[in-house]
Amino acid sequence: MDKFIIEGGRELHGSVRLQSAKNAVLPLFAASVLTDKQVTIRETPPITDAYCMAEILRELGADVRFHDGDVTIDSSEACCHEISSALTKELRSSVFMLGSLLTRFHRAVIAYPGGCDIGLRPIDLHLNALKRLGVRIMERDGFIYCECDTLRGAEIGIDFPSVGATENIMLAGVKAEGKTVLQGAAKEPEIVDLQNFLNSMGARIRGAGTDVIEIEGVRELGGVTYTPVKDRIEAGTFLIACAICGGEVEVEGVGAENLGLLLHKLRENGCKIHIKNDKIKLSGSGRLKCNRRIETMPFPGFPTDLQAQITALNAVSEGGALIVENLFETRFKYVPELQKMGADIEVHGRTAFVRGVRKLHGASVTAGDLRGGAALVLAALGAEGVSEVLDLSYIDRGYSDFEGKLRALGAEIKRVRV
Ligand code: UD1
């Protein structure tokens, strides 16, 4: 298992070439089995979650090839509708496969999904919506068995704007008989991207990005070559890294509207932010001020996927901050690791009370989930002395060449094989 060795205290300067969004690419892999024509997803990031989705498709009988940064998927020979527990336990996004497999084969069997250990992550909203489309579901021995004669369009309401459930409903409704109307949809930019991808294949979907999505079922979907949106969470991670370390960093390819509340919070910290078209430049110097309160919310609220990183920034800023995590129950598991570096943070349930300290110090810490792991790297970059961040498997799930991009900005970070 690899680890990072990081010598803190370097300012960051330069621009970052962003990867395609992990959370956009994963559902596109799932959507590729909706057609027996060839699908090419351009600029697919070399992250382990993408490789895992590729393995899932191969297990179904699809041909998946990575070449020059793109991935080409030909699922004309796919014939299997079951995904083994080894792969679904590895990756929660495999739950999207339910909608796709039902559309393609009218049946699907998957093991209960896994992913980062950040809470219970139930899938009741997905299953209830599929039932509305005419799917019969049985859960037994950790497996979910789904089947239907035909998928029939329906009016569906979801009580909470779940990203995954919204995407699954789109994947199950795209070729259903008649019209599906989803009320209470999630509005994340990656959902708009899935709509654009599906419509490029011939689907008739509108409303993504609002809370009502309308899907007119179509008979056939064709092949497509598609470039996904850039990763707004990666962009946010690098901007926060610069706020912690000082310097000037520019990210390109993500509209400011997709990072709205983060930019507002970073201004509150005292950072200067310059926006020009799809370029966002942040400059910061000296010790920043704490945000008084941050609450994670579904888009366009503050993203839960940047909660750990902004907590790391508050840990070294002046004053105190209250961070409330509304999406996932156990998303403060990285806090004891930050405490090893000298952070003064108390967690009570879903709330973290942060008292900013002047500096963190180097320590040996372990990444226990993707975004928490990224936060530890950022904390180490700003700390005094040398840190090691152990177990990079989670970070590698979502950030491609994290260390290379940081080094190009002037950070002192290297990967060591243990
Ligand atoms: C997606 C993102 C993840 C991000 C999250 C929230 C992908 C691949 N992952 O995950 O990075 O952190 O959105 O922005 O896009 N819930 C239920 N029942 C369900 C489904 C969800 O109660 O059937 C709850 C979850 O427990 C959680 C909340 O809804 O509390 C949000 O989950 P959801 O939006 O579904 O997140 P994911 O799609 O898993």
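K.L.:
Requested: an account of the environment of Glu-216, with residues and values cited.
P.N.:
Among the secondary structure elements, Glu-216 is positioned in strand S13 (residues 212–216). Here the alpha-carbon distance between Glu-216 and Arg-204, two residues twelve residues apart in the chain, equals 5.3 Å. Look past the residues within four positions of Glu-216 in its chain and what remains in contact with it is Val-174, Gly-178, Lys-179 and Arg-204.

K.L.:
Give a description of helix H12 (residues 370–382) that names residues and reports values.
P.N.:
Given a rise of 1.5 Å per residue, 13 residues ought to cover 18 Å, and the 19 Å separating the end C-alpha atoms of H12 matches this to within 8%. Among the residues of H12, the N-terminal cap falls to Asp-369, whose side-chain oxygen and the backbone nitrogen of Arg-371 are separated by 3.3 Å.

K.L.:
So, the pattern of salt bridges: which residues are in play, and what are the values?
P.N.:
All chains considered together, the criterion is met by 29 salt bridges. Here Arg-417 ties to Asp-2 by a salt bridge, and the two come within 3.6 Å at their closest N and O atoms. With Arg-417 in strand S24 (residues 412–417) and Asp-2 in strand S1 (residues 2–7), this residue pair connects regions lying 415 residues apart in the sequence. Exposure remark for Arg-417: the relative accessible area of 70% places this residue in the exposed category. Between Glu-248 and Lys-281 there is a salt bridge whose closest N-O contact spans 4.0 Å. Note that Glu-248 is positioned in strand S15 (residues 247–252) and Lys-281 in strand S17 (residues 279–284), a separation of 33 residues in sequence. Since its relative accessible area comes to 35%, Glu-248 is described here as partly exposed. By sharing partners, the salt bridges in this structure join Asp-2, Asp-396, Glu-403, Arg-415 and Arg-417 into a single network.

K.L.:
Explain the domain arrangement of the protein residue by residue, including any values.
P.N.:
One can read the domain layout of the protein as domain 1 (2–19 + 230–417) and domain 2 (22–226). Distance from the C-alpha centre of domain 1 to the C-alpha centre of domain 2: 30 Å. With 25 residues of domain 1 in contact, the opposing surface of domain 2 contributes 23 residues. Counting the contacts that link domain 1 with domain 2 gives three salt bridges. Of the charged contacts, one joins Lys-230 and Glu-43 as a salt bridge, the two residues approaching to 2.7 Å between their closest N and O atoms. Our enumeration of links across domain 1 and domain 2 arrives at seven residue pairs in polar contact (both at pLDDT 80 or more). Put simply, the parts of the chain that give the side of domain 1 that touches domain 2 at least two residues each are H12 and helix H13 (395–398). Ranked by the residues each element gives to the side of domain 1 that touches domain 2, the list is headed by H13, at three residues.

K.L.:
Break down the nonpolar core for me, with residues and values.
P.N.:
In this structure, Phe-4, Ile-240, Leu-259, Leu-266, Met-341, Val-377 and Phe-402 are the most contacted members of the largest nonpolar core, which totals 73 residues. Element by element, the count of residues in this core is highest for helix H8 (residues 232–245), at ten residues. Counting residues in hydrophobic clusters, the runner-up holds 71 residues, among them Phe-96, Cys-148, Met-170 and Met-201.

K.L.:
Which residues make up the site of the ligand, and what are the values?
P.N.:
If you check the shell around the ligand, you find 18 residues, and the closest are Asp-124, Leu-125, Ser-162, Asp-305 and Leu-327. Between the ligand and Pro-122 there is a distance of 3.3 Å, counted from an oxygen atom to a backbone nitrogen or oxygen. Contact between the ligand and Leu-327: an oxygen atom at 2.4 Å from a main-chain N or O atom of the residue. Starting from 740 Å² of accessible surface for the ligand in isolation, the protein chains cover 88%. At the level of secondary structure, the elements contributing two or more residues to the shell around the ligand comprise helix H5 (124–132) and helix H6 (163–173). Of all the elements, H5 adds the most residues to the shell around the ligand, at three residues. Tallied by class, residues from the shell around the ligand come to seven nonpolar, six polar and five charged. Taken domain by domain, the shell around the ligand gets at least three of its residues from each of domain 1 (2–19 + 230–417) and domain 2 (22–226).

About the cut-offs
Residue indices begin from 1 for each chain and proceed along its sequence in written order. pLDDT decides what is reported in this predicted model: residues at 70 or higher carry local features, side-chain atom pairs at 80 or more are listed and counted, and totals for whole chains, interfaces and linings draw on all residues regardless. With hydrogens and water excluded, all non-hydrogen atoms of the structure serve as input to the side-chain values. Strands here are runs of E lasting at least two residues and helices are runs of H or I lasting at least four, both read from the DSSP assignment and numbered beginning at the N terminus. Residues are treated as being in contact if the distance between any of their heavy atoms lies within 4.5 Å. Any helix carries an expected span of 1.5 Å times its number of residues minus one. We define a polar contact as two N or O atoms separated by no more than 3.5 Å, with the added condition that, inside protein, one atom must be a possible hydrogen donor and the other a possible acceptor, whereas residues neighbouring each other in sequence contribute only through side-chain atom pairs. Any Lys or Arg side-chain nitrogen found within 4 Å of a carboxyl oxygen on Asp or Glu counts as a salt bridge. Buried residues are those whose accessible area, probed at 1.4 Å on protein chains only, stays under 20% of the maximum for their type, while exposed residues exceed 50% and partly exposed ones sit between those limits. In this entry, domain limits derive from an automatic or database-based domain assignment. Throughout this description, the term nonpolar core refers to a set of buried Ala, Val, Leu, Ile, Met, Phe, Trp, Tyr and Cys residues connected via side-chain atoms within 4.5 Å. Nearness of a residue to a molecule or strand requires only that one of the residue's heavy atoms be within 4 Å of it. In short, Shrake-Rupley with a 1.4 Å probe defines the accessible areas, and a residue's cover is counted only from the protein chains shown. Polarity classes work like this: nonpolar for Ala, Val, Leu, Ile, Met, Phe, Trp, Tyr, Cys and Pro, charged for Asp, Glu, Lys and Arg, and polar for all others, with Gly in that last group.

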